Amino acid sequence: MLNLTPFILLAPLVGFVALGLFGRALPRAVIAVIGCGVVLIGFALAVADLISMLGVAPAQRVSDVTLWTWITAGTFHVPFGLLSDPLSAVMLLVVTGVGFLIHVYSIGYMEGDPGFWRFFAFLNFFVFAMTLLVAADNFLFLLVGWAGVGLASFLLIGFWYTRASAAAAARKAFVVNVIGDFGLLIAIFLLFGAYHGALDYRTVLGIGSAQAVAPTSVAPGGVLLAIALTLFVAAAAKSAQLPLHVWLPDAMEGPTPVSALIHAATMVTAGVYLVARAHSLFTAAPTSLVVVAVVAGATAFFAATIACVQNDIKRILAYSTMSQLGYMFMGEAAGGFSSGIFHLVTHAFFKALLFMCAGAVIHALGGEQDIRKMGGLRERLAGTFWLFVVSGLALAAIFPFAGFWSKDAILGAILQRATTGGAGWYALYAVGLLTAGLTGFYIFRLIFVTFFGAYRGAPVAAAHGGGHAAGGRAGDPLAGLHLPGLALMAPMWVLGALSLVGGALDLPGSQLLSDFLAPAAPSAIELTSALFWVSLAAGLICALVGIAIAWSRYGQGQAPAGDEARVGALVVFLRRRWFVDDLYEGAIVRPILALSRGLRFGVEDDTLEAGSRGLGDAVGSLSAGLRGLQTGFLRNYTLTLFLGAVVILVYFIAVSQ
Amino acid sequence: MLAQSPFTYTPTGGDWLRILPELIVLAAVFATLLADLALPEGRKGWLAAVGVVGAIVSGCSLVYVNSLSGASAFFGMITSDGVALFAAGVILLSLGLALLFSPSYLARQKIARVGEYYVLLQLSALGMMLMAAANNLMTVFVGLEMLSLALYILCALPQTRLRSQEAGMKYFILSSFASAFLLYGMSLIYGATGATGIPDIGRFLGAHQAALSQGFGPLLFVGMSLMLVGFCFKVSAVPFQAWTPDVYTGAPTTVTAFMSVGTKVAAFVALARVFVIALQTQNAHWEPVIWAVAVLTMIVGNLLSVTQRDVKRMLAYSSVANAGYLLVAIATASPRAVASLLFYLAAYAVMNIGAFGVTLLVERRDGRGTTLEDFNGLGRRNPALAAAMAVFLFSLAGVPPTAGFLAKYFVFYAAMVGNQVPLAIIGILASVLGMFYYLRVVWAMYFVEPTPGVRPVALPEREPALAAVGAAANGAREEAPESPEIEASSLAAQAIPVESVLTSVRIRTSASSAAALVIAVALTLLMILFASPLDAYAQAAASALFH
């Protein structure tokens, strides 16, 4: 079986290095070609890998290449190895495929930005780090990729670093991500102890190994639970689950392609990937899956409620992403690991498309992100509108769009789980259905408010280049609309098509994806069972109800301004995001700042500073004193030589007696 | 054991093959001499190319010699074992780098007799290789004298520069003194054991433990102590380090760069062979002395570096401190420690020559101008040069992932597992001081504005080294013209501050110097990539030594 993974990694790395070093001097066209080209190469290689993988029997679809040994310390070896198996193949296709489309989109979106080269260099770096994350064959290199995507995220959120809000958001994302990295690190330490220094997937997870060792035979249940939970801390931080979600909405300060690539399609799904990858550890500690289920269900519902009242087009999508990630974790918690990955894939299609559409709207309106100042864009941005609707239907899980099949696979998995154990899973299923309704509501609220009714915003300034400006009669506030160009629209059409038919990957009856993933990520549900059809219908009905409510309230393009007056307290509660950010501020940030100030002025100044300065002074004067011995006179030097010789001689004579 | 019949030995072809690297360097010396006759004045820089080619060819021949079976040559006088070859490789690398820096430096410093310079530099390298390959006390001494004699002359080569004359003279007198100690010690060891071959001494001592405690024990101990004094002088260990700063500061900087590395390689390998191998059985007796010397050297070397404001002089003191770390490996005296010693020498060679290399580019025509002030704002004026210097300094300070970090790690690790934990702790604490004086240069380069406008010229810092000469020259130190034109320029500068502008002038780097810097930076940064094979080779070589 072919394993081209090293080259898939190499391509974006080359792009990053080339653009990082020489990008400043290159013309834009060259930057765009390099930036997109390397990702396209990566995608082509990933496709080649997949084709060769399909050529062999399912049981042999694992290939592990070791490029070199990175660390050897006693019996501890860390090879730099890359794994190619069905799970990583799917992830690589998503990362490079959707990544490539977003790169193309960025050419149009970042057209006039002076940091064009920097942007593509960072994007390529992100793709490199993400491919490393999904292709690593041991936990240590997983951590390298894990931290790498965190860095890429930091750089790209803070891309417009002169804006204070962007810099603050970047910092916040980084801090929360580091909490996750720390969780992963602790998990690695625990694994190191439990598996006697082995960190490779083959030993720990039994991937590609004929006789896999059951985790329960290696470590006691408590340790396994700790490993699974710390892994989930890492996953929750990366995938914005409660309570480590606070960075994701703020991350929307980055350019929209970044939101699409990192904060919707790929990076945030790293946690979902990790749980699927390490599913043998999670299933060995069943309690951990309950924790995952509770957190995921809470996040899905929590984020969906907030998305219902947001007015920033990108923030709505950010909360929607959180909510959908919650779904994926719910599916995994119920044992439907392949369902989680299936939803990850379709979500990458339609959420990237949603962000691209939002970007096209923002671009058209010259940077406006508040949906209250939009409206009536349906005819002017017809293409964008229809794509928005397609992706919205996919998100809301309406038949036959991609999200319908994947989300309902998750709900089906939960229902299946519920039939075998405890009432708690029924509650989770109920939360899933409720959230499905909320999803339909908030996404169509967004669409109706943005595209229907009349335009409510200020007149749009004419396009700087004038090239994309729509013609219009005088006095038309939308006369200066910047129509999206081909670079923006082409990737959107591709993703639109995928959002429409992406569900075909895993239709009931054919189950292409679940079968393909079966060796790497088990599925929980027989997708043809009657149970599944019931679940499908229930999910669809909830979503349709949600859309119907949205239509009744915003169908004529009403501005959502009137809401607050009507339902006051609840909306305020949701607007303040359930006061979670305030809780963080009061319970963590302020006390730490106060403590730091106390240490800085109380302890540092008076005690430590004085001590270290004293130490420095002592060293200085000692040095100056010793220097006095260095007289420069030959006779003195000879004397010291002689005295030294005498001392040594006397010592030896003394010991010889 | 001692043959009664007159001794004859006929070298075989194999003997000559084992000293092939040395022979190639010798051939390059002859080639340099001939080329010196042919090349016109002003094109003598090409002599460096001859030497570089010689060093490269010789380096390639190491691979061949490594593939030969057996090591001993010339009746056991010389060995071509892994340790010798490793050391030869490091010496040749240092030679190559020093040669690359030389042409432009010599031209700028207006040093005459360029031909002799290149010949002597290569001859001293030859002596170093010989000393590192010596398997007999006699060859150790011959190699040592060969390298020292060449270096005495090299230090004093700038004939019109008082400081260099002083350096050469001091080095000559003190080093001869130390050589006498060493030779005397060797003769006493011969008296005690009846052997000069390093394995023979070890074998004899192993077989006659009981006899030692009676008759000739004192003879052995006195011999050991005198040899120790000699070696400690050569590696500039405290309290025998006094010559180091004065000589290193006075010598032409290319020479300093080369000798600071090369003599250390040769002397430490010889020290390891003599003490760790030949006197292995006496370890309990000499170990405390080396221990004490190592501690003193690390502490005093680092402490003295702290107050230096001249970068060249600081590097001279830092070479004392580094000798201390290397002595830690000697005191540990395990195969792993000897391997770490070799690795340290390799890392030290690239980073130290590199640091001296940048310093000599910053240096002014009159051989001064290497103070911290001269490095102010170098990051702005010469970003590439400053970046290279920063790499070397970080490496010297032992910051990962540079070569210097790995080297320190290996040495201290070997000490930890070799029951020398206190020594490792002292070493680590002492190297903390290194952070201060190395990184102070980085700070000057990047965080201080270039010294603007007027800067008083010809007011060298108060150097005790010169006081001595000053006394001899009737205190006419400042007035003593180093060369007529420099005198003129500095006089002019006192009237009109022209010279001061030099600090803000871009430094021109010749192609060969740039190449040397690139190589040194690359090796310093990339050594981590081939650390495993390098360390594995050193370990294999070191354990072979112990058998």
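No experiment lies behind these values; they were computed from the predicted model shown.

Rules and cut-offs
Residues numbered from 1 in each chain as written. Chains lettered and ligands numbered in written order. Predicted model: local features only at pLDDT ≥ 70, side-chain atom pairs only at ≥ 80, totals over all residues. Heavy atoms only, no water. Helix = DSSP H or I, 4+ residues; strand = E, 2+ residues; numbered from the N terminus. Buried < 20%, exposed > 50% of the residue type's maximum accessible area, 1.4 Å probe, protein only. Contact = heavy atoms within 4.5 Å. Areas by Shrake-Rupley, 256 points an atom, 1.4 Å probe, with all protein chains shown as cover. Patch = residues over 30% accessible without salt bridge, like charges linked within 9 Å, V, L, I, M, F, W, Y side chains within 5 Å. Salt bridge = Lys/Arg side-chain N within 4 Å of Asp/Glu carboxyl O. Polar contact = N/O pair within 3.5 Å; in protein donor to acceptor, adjacent residues only side chain to side chain. Buried area = accessible area lost by both parts, 1.4 Å probe. Pairing = 2+ DSSP bridges. pLDDT = per-residue confidence, 0-100. Phe/Tyr/Trp six-rings, centres within 6.5 Å; stacked < 30°, edge-to-face > 60°. Lys NZ or Arg CZ within 6 Å of the ring centre and 35° of its normal.

## Considering the overall build of chain B
The helix and strand tally for chain B stands at 24 helices and 2 strands. Residues classed as buried in chain B amount to 61% of the 547 residues present. When contacts within chain B are restricted to residue pairs at least 6 apart in sequence, those whose partners lie at least 24 apart make up 81%. Just so you have it, chain B exposes about 19,600 Å², and 70% of that area is on carbon and sulfur atoms.

## A look at a nonpolar patch on the surface
All names here are of chain B. On the surface, a cluster of nonpolar side chains totalling about 720 Å² of accessible area is made up of Tyr-409, Tyr-413, Met-416, Val-417, Val-421, Ile-425, Leu-429 and Val-432. Taken together, the elements giving at least two residues each to the nonpolar patch come down to helix H19 (403-417) and helix H20 (421-447). Within the secondary structure, Leu-429 is located in helix H20.

## With respect to the environment of Leu-123 of chain B
Residues and elements named next belong to chain B. Its location among the elements puts Leu-123 in helix H5 (residues 114-133). Residue classification places Leu-123 among the partly exposed positions, given a relative accessible area of 24%. Separated by 101 residues in the primary sequence, Leu-123 and Glu-22 have C-alpha atoms spaced 9.9 Å apart. Those residues in contact with Leu-123, other than ones at most four positions away along the chain, are Val-29 and Met-146.

## Some thoughts on the side chain of Asn-311 of chain A
All names here are of chain A. Topologically, Asn-311 is positioned in the loop between helix H13 (286-307) and helix H14 (313-333). Owing to a relative accessible area of 8%, Asn-311 belongs among the buried residues under this scheme. Polar contacts involving the side chain of Asn-311 include one to the side chain of Arg-445, which spans 3.0 Å.

## Some thoughts on the pattern of salt bridges
Evaluation of the coordinates by the stated rule reveals 13 salt bridges over all chains. Among the salt bridges present, the one from Asp-85 of chain A reaches Arg-277 of chain A, with a minimum N-O distance of 2.8 Å. Pair noted here: Asp-85 of chain A is in the loop between strand S2 (76-84) and helix H3 (86-109) and Arg-277 of chain A is in helix H11 (residues 270-277), with a separation of 192 residues, a long-range link. The two residues Asp-85 of chain A and Arg-277 of chain A agree in class, both being buried. Here Asp-246 of chain B ties to Arg-313 of chain B by a salt bridge, and the two come within 3.2 Å at their closest N and O atoms. Of this pair, Asp-246 of chain B sits in helix H11 (residues 243-250) while Arg-313 of chain B is found in helix H14 (residues 311-332), placing the two residues 67 residues apart along the sequence. There is no split in this pair, since Asp-246 of chain B and Arg-313 of chain B are both buried. The network of salt bridges with common partners includes Glu-166, Lys-170, Asp-246 and Arg-313 of chain B.

## Focus on the interface of chain A and chain B
The interface is formed by 26 residues belonging to chain A together with 41 residues belonging to chain B. Carbon and sulfur atoms make up 76% of the surface buried where chain A meets chain B, a total of about 2,800 Å² over both sides. There are 0 salt bridges connecting chain A and chain B. Viewed at the interface, chain B and chain A are joined by 5 residue pairs in polar contact (both at pLDDT 80 or more). Tallying contributions element by element places helix H24 (residues 634-656) of chain A first for the side of chain A that touches chain B, with 15 residues.

## A look at the pairing of strand S1 (residues 63-73) of chain A
All names here are of chain A. Bridging between S1 and S2 involves 9 bridges; their strand directions are antiparallel. Residue Thr-69 lies in a different strand from S2, and its bridge partner there is Pro-79. A loop of 2 residues connects S1 with S2, the two strands running antiparallel in sequence, and Gly-74 in this loop sits at a positive phi of about 65 degrees.

## Details of unusual backbone geometry
Of note, the bond from Phe-399 of chain A into Pro-400 of chain A is cis; its omega dihedral lies within 30 degrees of zero at 0 degrees. Counting through the fold element by element, Pro-400 of chain A comes out in the loop between helix H16 (382-395) and helix H17 (402-420). Each neighbour pair has its own omega, and for Pro-400 of chain B with Pro-401 of chain B the value is 0 degrees, a cis peptide bond. On the secondary structure map, Pro-401 of chain B appears in the loop between helix H18 (383-397) and H19. Positive phi is not limited to glycine here, since Phe-75 of chain B has a value of about 60 degrees. Assignment of secondary structure puts Phe-75 of chain B in the loop between strand S1 (72-73) and strand S2 (78-79). Positioned with a positive phi, Ser-236 of chain B is a non-glycine residue whose angle comes to about 50 degrees. You can see Ser-236 of chain B is positioned in the loop between helix H10 (217-234) and H11. By relative accessible area, which is 1% here, Ser-236 of chain B ends up buried.

## A few points about the confidence of the model for chain B
Residues and elements named next belong to chain B. The share of residues in chain B with pLDDT of 70 or more is 88%, and the mean pLDDT across the chain is 86. Here residues 453-504 is a poorly scored stretch, pLDDT under 50, and it has 70 contacts once near neighbours within four places are set aside; other chains count. We note a pTM of 0.64 for the whole complex and an ipTM of 0.82 for its interfaces.

## Considering the packing of aromatic side chains
Under the counting rule described, the total for this entry stands at 46 aromatic pairs over all chains. Residues Tyr-152 of chain B and Phe-172 of chain B carry aromatic rings whose centres are separated by 5.1 Å and whose planes lie at 75 degrees to one another, so their mutual orientation is edge-to-face. With Tyr-152 of chain B in helix H6 (residues 137-155) and Phe-172 of chain B in helix H7 (residues 162-193), this pair connects stretches of sequence that are 20 residues apart. Aromatic pair Tyr-325 of chain B and Phe-412 of chain B: ring centres 6.0 Å apart, planes at 80 degrees, arrangement edge-to-face. Taken as a pair, Tyr-325 of chain B in helix H14 and Phe-412 of chain B in helix H19 lie far apart in primary sequence, 87 residues in all. We note that Tyr-325 of chain B, like Phe-412 of chain B, is buried. What links up through ring pairs into an aromatic cluster is the set Phe-385, Trp-386, Phe-388, Phe-444, Phe-448, Phe-451, Phe-452 and Trp-551 of chain A. We note Arg-118 of chain A situated over the ring of Phe-159 of chain A; from NZ or CZ to the ring centre the distance is 4.3 Å. Between the NZ or CZ atom of Arg-635 of chain A and the centre of the ring of Phe-633 of chain A, over which it lies, the distance is 4.5 Å.

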